[in-house]
Protein chains: 4
Amino acid sequence: MSGNTFGKLFTVTTFGESHGPALGAIVDGCPPGLALSEMDLQADLDRRRPGKSRHTTQRREPDEVRILSGVFEGKTTGTPIGLLIENVDQRSKDYGNIKDQFRPGHADYTYQQKYGFRDYRGGGRSSARETAMRVAAGAIAKKYLRERYGVMIRGYLAQLGPIRPLKLVWDEVGNNPFFCPDPDQIVALEQFMDALRKSGDSIGARVTVVASGVPVGWGEPVFDRLDADIAHALMGINAVKGVEIGAGFASVEQRGTEHRDEMTPAGFLSNNAGGVLGGISSGQDIVASIALKPTSSLHLPGRTINLHGEPVTVVTKGRHDPCVGIRATPIVEAMLALVLMDHALRHRAQNLDVRPGMPPIPSLAPSGESAG
Amino acid sequence: MSGNTFGKLFTVTTFGESHGPALGAIVDGCPPGLALSEMDLQADLDRRRPGKSRHTTQRREPDEVRILSGVFEGKTTGTPIGLLIENVDQRSKDYGNIKDQFRPGHADYTYQQKYGFRDYRGGGRSSARETAMRVAAGAIAKKYLRERYGVMIRGYLAQLGPIRPLKLVWDEVGNNPFFCPDPDQIVALEQFMDALRKSGDSIGARVTVVASGVPVGWGEPVFDRLDADIAHALMGINAVKGVEIGAGFASVEQRGTEHRDEMTPAGFLSNNAGGVLGGISSGQDIVASIALKPTSSLHLPGRTINLHGEPVTVVTKGRHDPCVGIRATPIVEAMLALVLMDHALRHRAQNLDVRPGMPPIPSLAPSGESAG
Amino acid sequence: MSGNTFGKLFTVTTFGESHGPALGAIVDGCPPGLALSEMDLQADLDRRRPGKSRHTTQRREPDEVRILSGVFEGKTTGTPIGLLIENVDQRSKDYGNIKDQFRPGHADYTYQQKYGFRDYRGGGRSSARETAMRVAAGAIAKKYLRERYGVMIRGYLAQLGPIRPLKLVWDEVGNNPFFCPDPDQIVALEQFMDALRKSGDSIGARVTVVASGVPVGWGEPVFDRLDADIAHALMGINAVKGVEIGAGFASVEQRGTEHRDEMTPAGFLSNNAGGVLGGISSGQDIVASIALKPTSSLHLPGRTINLHGEPVTVVTKGRHDPCVGIRATPIVEAMLALVLMDHALRHRAQNLDVRPGMPPIPSLAPSGESAG
Amino acid sequence: MSGNTFGKLFTVTTFGESHGPALGAIVDGCPPGLALSEMDLQADLDRRRPGKSRHTTQRREPDEVRILSGVFEGKTTGTPIGLLIENVDQRSKDYGNIKDQFRPGHADYTYQQKYGFRDYRGGGRSSARETAMRVAAGAIAKKYLRERYGVMIRGYLAQLGPIRPLKLVWDEVGNNPFFCPDPDQIVALEQFMDALRKSGDSIGARVTVVASGVPVGWGEPVFDRLDADIAHALMGINAVKGVEIGAGFASVEQRGTEHRDEMTPAGFLSNNAGGVLGGISSGQDIVASIALKPTSSLHLPGRTINLHGEPVTVVTKGRHDPCVGIRATPIVEAMLALVLMDHALRHRAQNLDVRPGMPPIPSLAPSGESAG
């Protein structure tokens, strides 16, 4: 129930600061018998890893995860899974200069005021570095969901500043450093990011995630609706300022005749709902999008105050991501996987895993487009 | 921890269906000594009540709440507060015709598939009628937050279909049936809604809520960030498809130099963050907006299927809200109040109620405009 | 997660004071499709009801429960079940005299110190009257466990002051007002209680509860062991000062060769474990016993202090149970049922409801004797 | 909320198996500003450590704990504290022989049946080795409770088989390998244990723990009473079969006039309640006792079955504790500390840390004797 534990039945509890000795997590509630090794986790960790292209922070972290418990003879035992990643490339000296300042747009000021004291090294606990453990834990959920239910969870960059993909080619997402699904936009993205980096400024982004194959019936009315828990999970990612399900904010100007997804024996005719009705999965693709703010760590000077309330000018020297959205896709996938895994277990606790009384109807709406 | 309980320390557990004998809630964790009577709850219940204008459902419910426990000699005792509202105007006959059908865009299909069985009377548990108890419970949180911390929580209609308020006049919000803050838009709203009602169609809306006077330091990193819990609370309201904090989706196209809220000894120079930094309240106004979909209960025929998977045409005869956004404002205020109350208690559990080491700095950004 | 909610998946949240208008509960997480009516709950409520013999308090409460939600067309829907019992026989005047005093051995002093304020009418929230809702909620759990798993939960009076049953005749338990399983002890109990009542004093008791037919595998290591949660549930009943599982405190003087329950293909040869190994049910009978203190509400004067810290003499005038153990059996059964129900759901969330790899072996130890 | 997390606000989540690479824990919710280093944890770890005398298992584990996060510049930051202990002396070969057998009185059978699969090395997760992390986490709670509230938590061996201490000399507890408070019993204990070890059998024990200086008012009615949560915590320790608060099972034969702790302006005249009234701390010493069963790992042959349900004879070769009660005292202290710490935070969340309206009255009952 503490702030560093996610989920109610499939729970992930994490620890670790940007510049501490290590990051760790405990994954509890995982069903026994799942084949699991470090390699299953490393794949997504590598997708999130910094320093892979000139467009992300140049901090070099191998992010090698170790499984310390809960797996025996290659299979999960049903007991808690302990995970550990050592921090390697820390360079604390980069951060000494902001020890007494509050970087605008960062958690420095609020952590200082909440706790009366803070670890200022690279943001300490508030650093996006913490998300590495989410990705590791999410990979376990992803694997179980895929093997047990055939659920596939995939995300992509839906917008970066002014640039939007015009088509959704899933196979392209892994072929570029931006997780962009449109091969025709890669050059524009490269040029935009190079210019941005030279300018010393940063930019916002939009990421969309799609879960296909989710069974009908996951989600707990009334407060723990599936979409409510997805919103909680995604808004809880660093730098996220907005979450949409399905048509999202476009619903504001829609009419009911346009929005309501009509049904026929052949299936749903559209997916404005984004796969959730009344807080329960409908069997259509679950489609969610997030808005990520531009990072506030800039090479351009900004006005702020110091611990003594005096005005100072801050310039971030260290390494940073000029667009945090670029590396966000694996994190968004992981958080959605954790929500779905938790609700899979919550659903079967009350309702077992029985097939519904009538066969679920398919979706006739193309994947992800409603949020594309 | 069940789906019908909200909060971790200040908890609200609700029960009741649209057409059952009563709705109820148990509010647990309320600090002792708060002066409380039914009248404190009734004010907000009356703001949400249906049938007050021709623009909302004509169901006539007095929504009179009774306090059954937890209050003695006019003050809360610290023990659970039991709340009850009897359902009066039920008219089950209105709903018999959809007993075997799944209304598109409603929870009928997903409830049936999840539970294998459902209360089809007016949506049963999935009816927005359930939100009456949220408003009653939220009124307790609002009163405590106001009296103990000086927190004020106010919402307004930020958009209805194509119509947006152009100014934010708080005193106007209570003067019209739309919770619209711009007196110059009331005529347009009246005309739009009258035409819409004649057409038999429905429309979406956007509602913005602002909490002023929130102390610095509320929110629990990393998963239970204040903004993450706000997103959970607001996305958990019926018909909500999107949630924004501060600049929200506008952040996608912002640059860091534009987004980051610079600080001076005089205060924050802007509020793109919406009052939350690193998941912790900054002392600026907390500003959140939601997108509400157009209701799917229309007088216009729609395609759907029945329990046997056969194609049928559905027409909603009963009474409904052509724009659920119109009555949503008190619900949004209540849910934000519940989140803030829960985090006030969570914060002081770990950090007591001590003043921060340095005086909080004020906000120089005008209230709510960043989400207006 | 609040103090008035029990369970994690099958949750019971209660409200109500001894002399308030009503008691209530919300049961959430109940599987759908269970046939349920008020009559299913009333049977156990009647077993607990006061005033049925001269040996219990003469307060006359019909304890008629109403189901306000969660049941439709005679079956549970999977949504929360709202329960309500009106208080009828309150007689507040009986209690005015102790308004400013702290009855020794009661919660008066601690409630006053914790909350700075208390409802002094009949103990308010701390009254055993609150257990009526536990019995009502437990009856739902009992019915599901019996119908789905064949689990039978039965308790009996294992000791009253110096008097112990010498045999365990289950059919006798319902035939006398003491829940005593030994027909030969009834006369002794009648005489003891009559003399006690005349003396104005009270007496302690021991109650044993046995759950038969519990599947192998329920319980969550390491902190939420089945026996740990049983201890939590039973120690949480008013007046309970001790809890034993299986051999309990007799284990202190046992040798391993005596205590360990050897296994053969025919089954376990003994049940010192009381049906729990490593915190997980073994398939043997779950056997637990509790010690109940003598009530402190006596007609004999006692020394105490008042709100001003002055010495005063207190004499309880009102009605009371000279042995709270007499009516405790249905409450103990209910609490054990709630624990087992919660763990049944927790187990299947992670492990589904699959049969174990090898057939469970039976118990060769006679029911309950290890705690008799 | 998973089985491997303890507490609601001050939470401890643990992982690790007897023969895995490491044990770990995450302590969340710790107030910021507490001076903390590994040395604060090591003291209690050393008290629990195996192999310190010939009367405990000869497994040699240094149990050196590392703090991986949550502490900066020597003080807690309010963020999660990651703890790690590497397993050193594993000797898996010792356990291969019981790979296919279920040791009677152990968790082998129930883990196998629950999960369909188990780590058989030294009991895997069910090994008492897991308690090392509880002791490490408990040391943090102990330090905070002592520094902030002046709470002192001390335990002792109250019985070992037939041998009971006749006096309670706190200073003696640390002077002998048994945690025995009576210097006159040490020789008898030495002789008894030597003979027992030669015999190859094991013995049960009773341990009592006392918390002094606990403020009035901790504990959450009605289900999370302080004594109920203590029972949960202590029954959740390996091998525990019974828990008593205050007079415990002696209450069964007590009269109300004997049991009720009368109050005078000078203080309580006795402490049969064990420091808890109505589930809330009274300010008197909190006194709890547990019964620990004799370990089932014996050098004497026992009947059991194997994975195929066939009868086999089992003899434990490896190293074991002939009396698990000997090393239990630090574990019991740790679990009580975790409960008190959690309730300290829960209490101040709702009631802040304010002094009660009237000064608490002292206890006139000698420490621990009521459970001695």
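First, a word on what this report is: a plain description of the structure on this page. (Residues numbered from 1 in each chain as written. Chains lettered and ligands numbered in written order. Predicted model: local features only at pLDDT ≥ 70, side-chain atom pairs only at ≥ 80, totals over all residues. Heavy atoms only, no water.)

### Focus on the relation of the copies chain B and chain A
Each copy superposes on the other: chain B lies on chain A with an RMSD of 0.0 Å after a rotation of 180° and an axial shift of 0.0 Å. Both copies of the chain, as the preceding transformation shows, are related through a two-fold rotation axis. Of every C-alpha in chain B, the one belonging to B:H232 sits nearest the axis of rotation, 2.3 Å from it. In this assembly, 100% of the residues forming the interface of chain B have copies in chain A that are likewise at the interface, indicating an isologous arrangement. (Least-squares fit on C-alpha atoms with pLDDT ≥ 70 in both. Contact = heavy atoms within 4.5 Å.)

### What to know about the packing of aromatic side chains
Per the stated rule, a full pass over the model turns up 38 aromatic pairs over all chains. Aromatic pair B:Y149 and B:W218: ring centres 5.0 Å apart, planes at 85°, arrangement edge-to-face. Taken together, the residues B:Y149 in helix 3 (residues 131-149) and B:W218 in the loop between strand 9 (205-212) and helix 5 (226-235) connect sequence positions 69 residues apart. Both residues of the pair, B:Y149 and B:W218, belong to the buried class. Grouping aromatic residues by their ring pairs yields a cluster made of A:F72, D:F117 and D:Y120. Sitting over the face of the ring of B:W170, B:R154 holds its NZ or CZ atom 3.9 Å from the ring centroid. (Phe/Tyr/Trp six-rings, centres within 6.5 Å; stacked < 30°, edge-to-face > 60°. Helix = DSSP H or I, 4+ residues; strand = E, 2+ residues; numbered from the N terminus. Buried < 20%, exposed > 50% of the residue type's maximum accessible area, 1.4 Å probe, protein only. Lys NZ or Arg CZ within 6 Å of the ring centre and 35° of its normal.)

### Some details on the side chain of B:S251
Looking at the element boundaries, B:S251 is found in the loop between strand 10 (240-245) and helix 6 (256-259). With relative accessibility at 0%, the residue B:S251 sits in the buried group.

### Topic: the sheet that holds strand 7 (residues 81-86) of chain A
All names here are of chain A. One open sheet accounts for 5 strands, arranged 1-2-3-7-4; its pairing is antiparallel. Strands at the two margins of the open sheet, each flanked by one partner only, are strand 1 (5-6) and strand 4 (65-67). Strand direction decides the pairing type here: strand 1 and strand 2 (residues 11-15), joined by 2 bridges, are antiparallel. Within strand 2, the residue paired with F6 across the bridge is V12. (Pairing = 2+ DSSP bridges.)

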